[in-house]
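So the chains spell out like this:
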Amino acid sequence: MIKFVRSLFGLNGSSSKRAVAGASISMDLQEVAYINDSNHRLAALLNLYKSYKETLHGDKIKKVYEKTKQIHDYLISKKRVHELEIFHIRNTDNFINTFALIIEVHHRHKQIAFAYPDKEPEVTPVHALEVHATVSKTEPIHVNAGPQGELFDIAQRVKNRNKLFEVVSFPIDRQIRHNFFLLDFPVHFNRKHAVIM
Amino acid sequence: MDTSVHKNLPPDSVLNAEQDAILDLYIENLDNFFEEVKQSEKTQVEIETLHLKRILST
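Residues numbered from 1 in each chain as written. Chains lettered and ligands numbered in written order. Predicted model: local features only at pLDDT ≥ 70, side-chain atom pairs only at ≥ 80, totals over all residues. Heavy atoms only, no water.

Participant: I'm lost on the overall build of chain B in this one. Help?
Facilitator: Of the regular secondary structure elements, chain B holds 1 helix and 0 strands. For chain B, the residues scored as buried account for 24% of the 58 residues in total. (Helix = DSSP H or I, 4+ residues; strand = E, 2+ residues; numbered from the N terminus. Buried < 20%, exposed > 50% of the residue type's maximum accessible area, 1.4 Å probe, protein only.)

Participant: Help me out: how do you make sense of the interface of chain A and chain B in this one?
Facilitator: Accessible area lost during the coming together of the parts is what is often quoted as the interface size. Opposite the 26 residues of chain A that make contact, chain B presents 26 residues. With both sides pooled, the region where chain A packs onto chain B buries about 2300 Å², and carbon together with sulfur makes up 68% of that total. For the pair chain A and chain B, the number of links is 5 salt bridges. Of the charged contacts, one joins Lys60(A) and Asp24(B) as a salt bridge, the two residues approaching to 3.0 Å between their closest N and O atoms. (Contact = heavy atoms within 4.5 Å. Buried area = accessible area lost by both parts, 1.4 Å probe. Salt bridge = Lys/Arg side-chain N within 4 Å of Asp/Glu carboxyl O.)

Participant: Explanation requested: the pattern of salt bridges in the structure shown.
Facilitator: Side chains that carry opposite charge are capable of pairing whenever their charged atoms lie near each other. Within this structure, the stated rule accounts for 11 salt bridges over all chains. The closest approach of N and O atoms between Arg80(A) and Glu41(B), which form a salt bridge, is 2.9 Å. Of this pair, Arg80(A) sits in the loop between α3 (58-77) and α4 (81-115) while Glu41(B) is found in helix α1 (residues 17-57), placing the two residues in two different chains. Accessibility expressed as a relative area gives 11% for Arg80(A), which makes it buried. We classify Glu41(B) as buried; its relative accessible area is 18%. Members of the salt-bridge network, linked through shared partners, are Lys78(A), Arg80(A), Glu83(A) and Glu41(B).

Participant: Looking at this structure, how should I read the nonpolar core?
Facilitator: Inside soluble globular proteins, nonpolar side chains tend to come together where they are buried. Formed by 30 residues in total, the largest nonpolar core has its most connected members in Tyr52(A), Ile61(A), Val64(A), Phe95(A) and Phe99(A). Where this core is concerned, the elements lending two or more residues are α2 (29-52), α3 and α4 of chain A together with α1 of chain B. Counting residues per element, this core draws most heavily on α4(A), at 8 residues. (Core = buried A, V, L, I, M, F, W, Y, C linked by side-chain atoms within 4.5 Å.)

Participant: I tried to follow α2(A) on my own but got confused; where do I start?
Facilitator: Residues and elements named next belong to chain A. Between the first and last C-alpha of α2 there are 35 Å, a value that for 24 residues agrees with the 34 Å anticipated at 1.5 Å per step. Where α2 is concerned, the buried positions are Glu-31, Tyr-34, Ile-35, Ser-38, Arg-41, Leu-42, Leu-45, Leu-48, Tyr-49 and Tyr-52. Against α3 and α4 lie the buried residues of α2. (Expected span 1.5 Å × (residues − 1).)

Participant: I'm lost on a nonpolar patch on the surface in this one. Help?
Facilitator: All names here are of chain B. On the surface, a cluster of nonpolar side chains totalling about 330 Å² of accessible area is made up of Leu-52, Ile-55 and Leu-56. Residue placement: Leu-56 occurs in helix α1. Leu-56 sits in the exposed class, given a relative accessible area of 66%. (Patch = residues over 30% accessible without salt bridge, like charges linked within 9 Å, V, L, I, M, F, W, Y side chains within 5 Å. Areas by Shrake-Rupley, 256 points an atom, 1.4 Å probe, with all protein chains shown as cover.)

Participant: So what exactly am I meant to see when it comes to the confidence of the model for chain A here?
Facilitator: Low pLDDT marks regions whose predicted coordinates should not be analysed in detail. Residues and elements named next belong to chain A. Averaged over every residue, the pLDDT of chain A is 70; the share at 70 or more is 45%. Averaged pLDDT values for the elements of chain A fall to 44 in helix α5 (residues 126-137) and rise to 95 in α3. Here residues 7-17 is a poorly scored stretch, pLDDT under 50, and it has 5 contacts once near neighbours within four places are set aside; other chains count. For the stretch residues 163-168, pLDDT sits under 50, and the model shows 23 contacts to residues farther than four places along the chain or on other chains. (pLDDT = per-residue confidence, 0-100.)

Structure representation (structure tokens):
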């Protein structure tokens, strides 16, 4: 529409790069889109800062946010929106990708370290021994399938543990395996063991 | 890349020494960019002034 009006006055061919002082500068849709994108990137940077806030590097990420915002504000005030977009593509996008990935990987590693505090995925922590004893004492294993059954008790105890990712394993037979399907918690089977996560 | 200044990061640090150094470089890079942008603004003003001068002198 703007283009059409401009073309009526023969203004369409004028170089838009040359900004003459006092001339009204109309923003076309592309520029509006660039500014929106730029705002989104600033928001993403702010989020990144929030996730780094508690770390040693929080202050530096904050600096990056502030300096990027400064550039953003300056370029917009000078109507140099296209340059702003190029700046973001070359810098901000890569920065966000890299440092978001770094902290994501860091969190994932921490979770794994939490799941296996001793680095050794030993499948018999204290609780597991208890469960194991309970099961093997009742030889031959007779487990009631219903919610009042022994298996249900075991499952409840496993469920109520503090640590979420602890691994418990104990021997099972086909009957128990079948009964497990009646309970609603995640359990994995290998050939002779049930492993409750 | 000189990372010697950053070697005292604790072991539970999220960034390793190299990544921390990159972060510093990035901040520096933003400063440089901002300076360049401001400088180019000045240059553009000079060019426009010259342009006008030439129009007037012909």
